[in-house]
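Fold and contact review
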Amino acid sequence: MTSAQPITVAGAGAIGCFVGGILAAHGRKVTLLARPRVIEQIKCSGLHLTDFGALSLDVKPSQISVTDHPDSLAGAGVILVTVKTVDTRDIAAMIATFAPQTAIVVSLQNGLEAANILRKMLPGFDVRAGMVPFNIVPQPNCTFHRATSGEIVIEAGPTVLAGLLSTSEMPVTETQAITEAQWGKLLINLNNALNALSGLTLHRQLLSRKWRRVMAAQMVEALTVLRVNGIKPVSTTPLPSRMIPWVLRLPTPLFSRIASKMLTIDPKARTSMFYDLENGKPTEIDALQGAIIRLGKTASVPTPICERVSGHIKRAEKAGTGVPHFSPPDV
């Protein structure tokens, strides 16, 4: 595909604005399908994209199209779906109604459920799963800050997309083993809930050996479920997934030395689930811990830790009072 191929970002929240903004800054023809509030802000001040390193990109309003009308999908060559899993059916219905079947649909969403929903609801479309390893922190004045490292991986298909979607600041690779990569990311994303329950930054949470032990126990539980189901996750870090719990349990000085070589984390970074609880929004707990719980039930493997964490998050959602600031013993 050439750089002139129209790209529509369906559901331009934090991830969508960052990815779409990076592509627009590099001359891609990008349309953001977003909420009116986001549209107003972008039309007024454009986008400002930063990260944990030296990235600082300004995207002028003239460089990117923004709309809340789904009929904008009619001109899309590639559709990047960046909504939460719970909103996938609504977006799929819009794509089915307005987009041409020649459009390639790429899910840049957490978990595995969203891509499966898109495939089921969009027969005849080239639907591909994807994995975004980094997290984006929305900041004032339409600034979106990439707070952790990693490269996007998407499912390979008949048409090569990596060239269209890759930039120097945001490399994209394609793989035939996307499901394994998604499971590897899901294992890491199980910490989203713990981070939200703690109220800490990721940096502070990871410097706490007590929190890392909770993370490790939860991951071991999930790895057991995957192994019994014959699933072999591909790690998003240089370490194999099975080794990560061992590293998490190390004394903090040793852990810090090893972790610094695997992952870059902004000192202020928090997970998206933290912001969901703080802002009274639904979380993606059912697409993360919920996936492990469901898989465990099919294989008669108990998942008490994931169930407990899921219960805490759902109670916090219902209370609507923000993050509960739990300690590891509370979990």
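In short, a report on the structure. Please read all numbers here as calculations on a predicted model, not as lab measurements.

1. Description of unusual backbone geometry
- Phi is positive for asparagine 141, close to 60 degrees, though the residue is something other than glycine.
- Mapped onto the elements, asparagine 141 comes out in the loop between β9 (136-139) and β10 (143-146).
- A relative accessible area of 68% places asparagine 141 in the exposed class.
- Positive phi, close to 55 degrees, is recorded for histidine 325, a residue that is not glycine.
- Residue placement: histidine 325 occurs in the segment after α14 (304-319).
- Taking the relative accessible area as the measure of exposure, histidine 325 reaches 53% and is therefore exposed.

2. As for the sheet that holds strand β3 (residues 47-51)
- The strand order across the open sheet built from 4 strands is β4-β3-β10-β9, with neighbouring strands paired in mixed fashion. Two strands bound the open sheet, and with one partner strand each, they are β4 (56-59) and β9. This sheet shows a mean twist of 20 degrees between the axes of neighbouring strands, independent of strand direction.
- Here β3 pairs with β4 via 4 bridges, running antiparallel.

3. Observations regarding the nonpolar core
- In this structure, Trp183, Leu186, Ile292 and Ile313 are the most contacted members of the largest nonpolar core, which totals 49 residues.
- At 9 residues, the largest contribution of residues to this core is made by helix α9 (residues 209-228).
- Apart from the residues within four sequence positions on either side, leucine 186 is in contact with Gly111, Leu112, Ala287, Leu288, Ala291 and Ile292.
- Residues Val30, Ile42, Val106 and Leu165 belong to the second largest nonpolar core, which totals 40 residues.

4. Comments concerning the pattern of salt bridges
- As enumerated under the stated definition, the model contains 7 salt bridges in all.
- Across the salt bridge formed by aspartate 51 and arginine 146, the nearest N and O atoms sit 2.9 Å from each other. Taken as a pair, aspartate 51 in strand β3 and arginine 146 in strand β10 lie far apart in primary sequence, 95 residues in all.
- For aspartate 51, a relative accessible area of 11% puts it in the buried group.
- A salt bridge links arginine 294 to glutamate 113, with the nearest nitrogen and oxygen atoms 3.8 Å apart. Of this pair, arginine 294 sits in helix α13 (residues 289-298) while glutamate 113 sits in helix α4 (residues 113-121), and the two are 181 residues apart along the sequence.
- Here glutamate 113 falls in the partly exposed class, since its relative accessible area comes to 35%.
- One network of salt bridges, in which partners are shared, links Asp126, Arg128 and Glu174.

5. As for the side chain of threonine 283
- For threonine 283, the position within the fold is in the loop between α12 (272-278) and α13.
- A polar contact is formed between the side chain of threonine 283 and the backbone nitrogen of isoleucine 285, at a distance of 3.3 Å.
- Not counting residues up to four positions away in its chain, the partners in contact with threonine 283 are Met273, Asp276, Leu277, Ile313 and Glu317.

6. Some words on the pairing of strand β2 (residues 30-33)
- Neither face of β2 is exposed, since Val30 and Leu32 on one face and Thr31 and Leu33 on the opposite face are all buried.
- Direction of pairing for strand β1 (residues 7-10) relative to β2: parallel, over a ladder of 4 bridges. Of the residues in β2, the one forming a bridge with valine 9 is leucine 32.
- You can see the chain leave β1, run along helix α1 (residues 14-25) and come back into β2, and the turn it takes is right-handed.
- Bridge analysis of β2 against strand β5 (residues 65-67) gives 3 bridges, and the strand direction is parallel. Within β5, the position partnered with leucine 32 by the bridge is valine 66.

Parameters and conventions
- Residues numbered from 1 in each chain as written.
- Predicted model: local features only at pLDDT ≥ 70, side-chain atom pairs only at ≥ 80, totals over all residues.
- Heavy atoms only, no water.
- Helix = DSSP H or I, 4+ residues; strand = E, 2+ residues; numbered from the N terminus.
- Buried < 20%, exposed > 50% of the residue type's maximum accessible area, 1.4 Å probe, protein only.
- Pairing = 2+ DSSP bridges.
- Axes fitted to C-alpha atoms, helices over the stretch in contact; angles between N-to-C directions.
- Core = buried A, V, L, I, M, F, W, Y, C linked by side-chain atoms within 4.5 Å.
- Contact = heavy atoms within 4.5 Å.
- Salt bridge = Lys/Arg side-chain N within 4 Å of Asp/Glu carboxyl O.
- Polar contact = N/O pair within 3.5 Å; in protein donor to acceptor, adjacent residues only side chain to side chain.
- Right-handed = clockwise from strand over helix to strand, strands pointing away.

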